[in-house]
Amino acid sequence: MQRRPGRGHRRLPHTADVRIEAWAPSREECVAEAVAALVGTFVDPAGARPGPRREFRAPPGDDADLLVGVLDEVIFRMETAGELPLRTDVADDGAGGLVVRWRTADTDAVELVGAVPKAVSLHGLRFGPDGEGWCCAVTLDV
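These remarks concern the structure in this document. (Residues numbered from 1 in each chain as written. Predicted model: local features only at pLDDT ≥ 70, side-chain atom pairs only at ≥ 80, totals over all residues. Heavy atoms only, no water.)

**A look at the pattern of salt bridges**
Definition in use: Salt bridges are defined by distance alone: a side-chain nitrogen of Lys or Arg within 4 Å of a carboxyl oxygen of Asp or Glu. Note on conventions: DSSP H or I runs of at least 4 residues are helices, E runs of at least 2 residues are strands, and numbering of each starts at the N terminus. Relative accessible area decides the class of each residue, using a 1.4 Å probe on protein chains only: under 20% of the type maximum gives buried, over 50% gives exposed, and in between gives partly exposed.
A full pass over the atoms with the stated rule returns 13 salt bridges. E29 is the partner of R7 in a salt bridge, and the nearest nitrogen-oxygen pair spans 3.5 Å. Of this pair, R7 sits in the segment before β1 (8–12) while E29 sits in helix α1 (residues 27–40), placing them 22 residues apart in sequence. As a salt-bridge pair, D63 and R27 come within 3.0 Å of each other at their nearest N and O atoms. You can see D63 sitting in helix α2 (residues 63–81) and its partner R27 sitting in helix α1, a full 36 residues away along the chain. Looking at D63, the relative accessible area reads 25%, which means it is partly exposed.

Written out as structure tokens, the structure reads:
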């Protein structure tokens, strides 16, 4: 079996919606990779200049709930504020939640290349440690 790179993400084949997988050495880095995978399913951020810094605090919960909460927040901010994360840093808040910091860009500054996600599906959601770090798989409703 071929080893995967230490950190990354990819889009998986899916019949109707979009499915992504992300992996990294830690839980927090895996969440950051999942954000990059989500954004990469529908925009090309190349050439977009980083704008404002934003922060989001995901309340305490189990790992899957934290992942879904962060991804839902990306979709919410895109729909309500017209901004997308170009870079994501995630840290444990020490109380069971996460602190997420983004460098954002306006949605007008990126090129649309795919269907825009409307929600994160709980069907087939996976998130947890594996033999090489942390891995998640998420289906996005489009």
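**With respect to α2**
What counts, and what does not: One less than the number of residues in a helix, times 1.5 Å, gives the span that helix is expected to have. Here a residue-residue contact requires only that any non-hydrogen atoms of the pair lie within 4.5 Å. By the criterion applied in these results, polar contacts are pairs of N or O atoms within 3.5 Å in which, for protein atoms, one can donate a hydrogen and the other can accept it, and in which residues neighboring in sequence qualify only through two side-chain atoms.
The terminal C-alpha atoms of α2, which comprises 19 residues, lie 26 Å apart, in line with the 27 Å expected from a rise of 1.5 Å per residue. Where α2 is concerned, the buried positions are L66, L67, V68, V70, L71, E73, V74, I75, R77 and M78. Lining the buried residues of α2 we find α1, β4 (53–58), β5 (83–92), β6 (98–106), β8 (119–130) and β9 (133–141). Among the residues of α2, the N-terminal cap falls to D62, whose side-chain oxygen and the backbone nitrogen of A64 are separated by 3.2 Å. One or two steps after α2, the chain reaches G82, where phi turns positive at roughly 65 degrees.

**What about the packing of α1 against α2?**
To characterise two packed helices, one gives the angle between the axes of the helices and the distance between these axes. Rule in force here: To obtain each axis, a line is fitted to C-alpha atoms, and for helices this fit is confined to the stretch in contact; angles are then taken between N-to-C directions over 0 to 180 degrees. Helix crossings fall into two classes, left-handed where the near helix is turned counterclockwise from the far one by less than a right angle and right-handed where it is turned clockwise. Put simply, Ala, Val, Leu, Ile, Met, Phe, Trp, Tyr, Cys and Pro go in the nonpolar bin, Asp, Glu, Lys and Arg in the charged bin, and everything else, Gly too, in the polar bin.
Contact geometry for α1 and α2: axes closest at 10 Å, N-to-C directions at 35 degrees. Crossing geometry of α1 relative to α2 is assigned as right-handed. Note on element contacts: α2 touches α1 through D63, L66, L67, V70, L71, V74 and I75, opposite R27, V31, A34, V35, L38 and V39. A class-by-class count of the residues in the contact of α1 with α2 yields 11 nonpolar, no polar and 2 charged.

**A word on the sheet that holds β6**
Neighbouring strands of a sheet are bound in pairs by backbone hydrogen bonds; such pairs are parallel or else antiparallel. The cut-off we apply is this: In this analysis, strands are considered paired if DSSP registers two or more bridges between them.
On the basis of which strands lie adjacent, the open sheet formed by 3 strands has the order β4-β6-β5 and antiparallel pairing. Each edge of the open sheet is held by one strand with a lone partner, namely β4 and β5. Each strand of the sheet is rotated relative to its neighbour by a mean of 25 degrees, with strand direction disregarded. Where β4 lies against β6, 6 bridges are found, and the strand directions are antiparallel. Bridging across to β6, F56 finds its partner in V100.

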